Amino acid sequence: MHVAGMNGRGVANTRIVSLDGLRGIAALIVAVYHLPGLFGFAIPHADLAVDFFFLLSGWVMAYSYEERIAQGLPARTFFLNRMARLYPLYIASLMLALLVFVSKKWLGTGEGIADLRCAAPNALMLPCLFNDGLGFPLNQPGWSIFVEVVLNVLWYCAVRYGLRSMDWKMAIHIVSCIFLWGMAIGMGRYLQGFNNSDLLEGMLRGVMGFAGGLLLFECRKEPRILLYFAVLTGLTLAALALHGGAGDVAPLALTVMGVLPVLIWLCARWRPAVLEGRVSAFLGDISYAVYLLHIPLSLLLQKPLRLAFPGTDLLSVLLKAGVFGLVLIIASSLSYRLLEVPARRWLVQRYGRRPVARAAAAAV
């Protein structure tokens, strides 16, 4: 979902601020979705923001790396760049969550031994198989980072073996759509991915979104790609209607298959002025930290905030939401400037053959 890259001459890519801003908004939506008790309201089906991240990841990976991989970019360089982007904040957020869990356990309010045993596999970006619940119980958003890493590995291998034509991308997208919506129709709900029991569901969401992003970038100057997504959306809605029992899934299908791809294509193509300013750039910078830090920070702050602002009246809710939101944004900004960028630069310079310029565009 987050990438740094250069073009073939080693010059940093031009930043698409519109997409950065959308990514930041999506990360904030996920935070509100996970923490309705702190923000005072819920956003129904805001988990679809993760599908937006997968779409955007496919777009930006193609934008930053596809030509370089096809021209022989070594696997070592590619995966070093990816890990330098993803891992420092990932492990820092995991350690913060672990510290909170250990402290609660020591104080007699622990969340269960299974959570602590999950630290080792989760630290390796792997789901925890010690329990039947969450694959990443210490920091739930980790499941989508796991999917992202797996997709990066598969995509790099595919491009190196020459499987990057329009036909291949379209075939993978269509097949993943058939499997995903077939499962959704059979289960009467949209797919998940954060539990050990539904890891395959999360992987399907990732494949469909990532492949869709690759197609959107391939046809970034061709409006006909919108017709392709419109047709697939129509077929999906028709299949849902014929089934009859999956009507609740139809609005989600319309969003995932129609609204989100069109939004990415239009913003990347036209770069609307309202999304091309400093605010969007800032939201893009902090988006990864907002996504990974909101759960650990909530574990740390929700009880002090409840004590500081007791009650359920509007003022108490607004104060809790305002203080937590401000802390989250400040912490995310500090994370970007003091951890993510320096750690990325140091890792690439220390272990790479040559420094890699900082990203101009980044994925979710």
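Each value, and the rule that gives it
- Residues numbered from 1 in each chain as written.
- Predicted model: local features only at pLDDT ≥ 70, side-chain atom pairs only at ≥ 80, totals over all residues.
- Heavy atoms only, no water.
- pLDDT = per-residue confidence, 0-100.
- Helix = DSSP H or I, 4+ residues; strand = E, 2+ residues; numbered from the N terminus.
- Contact = heavy atoms within 4.5 Å.
- Buried < 20%, exposed > 50% of the residue type's maximum accessible area, 1.4 Å probe, protein only.
- Core = buried A, V, L, I, M, F, W, Y, C linked by side-chain atoms within 4.5 Å.
- Phe/Tyr/Trp six-rings, centres within 6.5 Å; stacked < 30°, edge-to-face > 60°.
- Axes fitted to C-alpha atoms, helices over the stretch in contact; angles between N-to-C directions.
- Parallel < 35°, antiparallel > 145°, perpendicular 65-115°, else oblique.
- Left-handed = near helix turned anticlockwise from the far one by under 90°.
- Salt bridge = Lys/Arg side-chain N within 4 Å of Asp/Glu carboxyl O.

## Quick notes on the confidence of the model for the protein
- Of all residues in the protein, 90% attain a pLDDT of 70 or more, and the chain-wide mean is 89.
- The secondary structure element of the protein with the lowest average pLDDT is helix α5 (residues 113-117), at 70, and the one with the highest is helix α7 (residues 142-160), at 97.
- This model gives residues 1-13 a pLDDT under 50, and the stretch forms 56 contacts once residues within four places in sequence are excluded.
- For residues 355-364, every residue scores under 50 in pLDDT, and the model assigns this stretch 48 contacts once sequence neighbours within four places are set aside.

## Remarks on unusual backbone geometry
- Its identity as a non-glycine residue notwithstanding, His45 has a phi of 60°, on the positive side.
- By the secondary structure assignment, His45 is in the loop between α2 (36-39) and α3 (49-70).
- Residue Met125 is not a glycine yet carries a positive backbone phi of 65°.
- Mapped onto the elements of the fold, Met125 is located in the loop between α6 (119-123) and α7.
- Taking the relative accessible area as the measure of exposure, Met125 reaches 6% and is therefore buried.

## Re the nonpolar core
- Judged by nonpolar contacts, the single largest core of 95 residues is most densely connected at Leu19, Trp59, Trp155 and Trp181.
- Top element by residues in this core is α3. It accounts for 13 residues.
- Contact partners of Trp155, with chain neighbours within four places excluded, come to Met61, Ala62, Tyr65, Glu66, Ile69, Phe78, Phe210 and Leu214.

## Some remarks on the packing of aromatic side chains
- Taken as a whole and judged by the stated rule, the model has 17 aromatic pairs.
- Summarising the aromatic geometry, the rings of Phe39 and Phe324 are spaced 5.7 Å apart at their centres and angled 85° between planes, so their arrangement reads as edge-to-face. Linking Phe39 in helix α2 with Phe324 in helix α13 (residues 314-351), this pair joins segments that are 285 residues apart in sequence.
- Phe39 sits in the buried class, given a relative accessible area of 14%.
- Using a relative accessible area of 0% as the deciding quantity, one classes Phe324 as buried.

## Describing the packing of helix α1 (residues 17-34) against α3
- Contact pair α1 / α3: the axes reach a minimum separation of 9 Å and the direction vectors enclose 155°. For the element pair α1 / α3, the angle class is roughly antiparallel. Pair α1 / α3 crosses with left-handed handedness. In contact with Leu19, Leu22, Arg23, Ala26, Ala27 and Val30 of α1, α3 contributes Ala49, Phe52, Phe53, Leu56 and Trp59.

## Brief notes about the pattern of salt bridges
- One pass over the structure, following the stated rule, counts 10 salt bridges.
- With its nearest N and O atoms 3.0 Å apart, the salt bridge here joins Lys169 to Glu66. Of this pair, Lys169 sits in helix α8 (residues 166-187) while Glu66 sits in helix α3, and the two are 103 residues apart along the sequence. Glu66 matches Lys169 in its accessibility class, with the two residues each being buried.
- One salt bridge connects Lys169 with Glu218, and the closest N-O pair in it is separated by 2.7 Å. Taken as a pair, Lys169 in helix α8 and Glu218 in helix α9 (residues 199-218) lie far apart in primary sequence, 49 residues in all.
- Assessed through its relative accessible area of 5%, Lys169 is described here as buried.
- Here the residues in one salt-bridge network are Glu66, Glu67, Arg164, Lys169 and Glu218, joined through shared partners.

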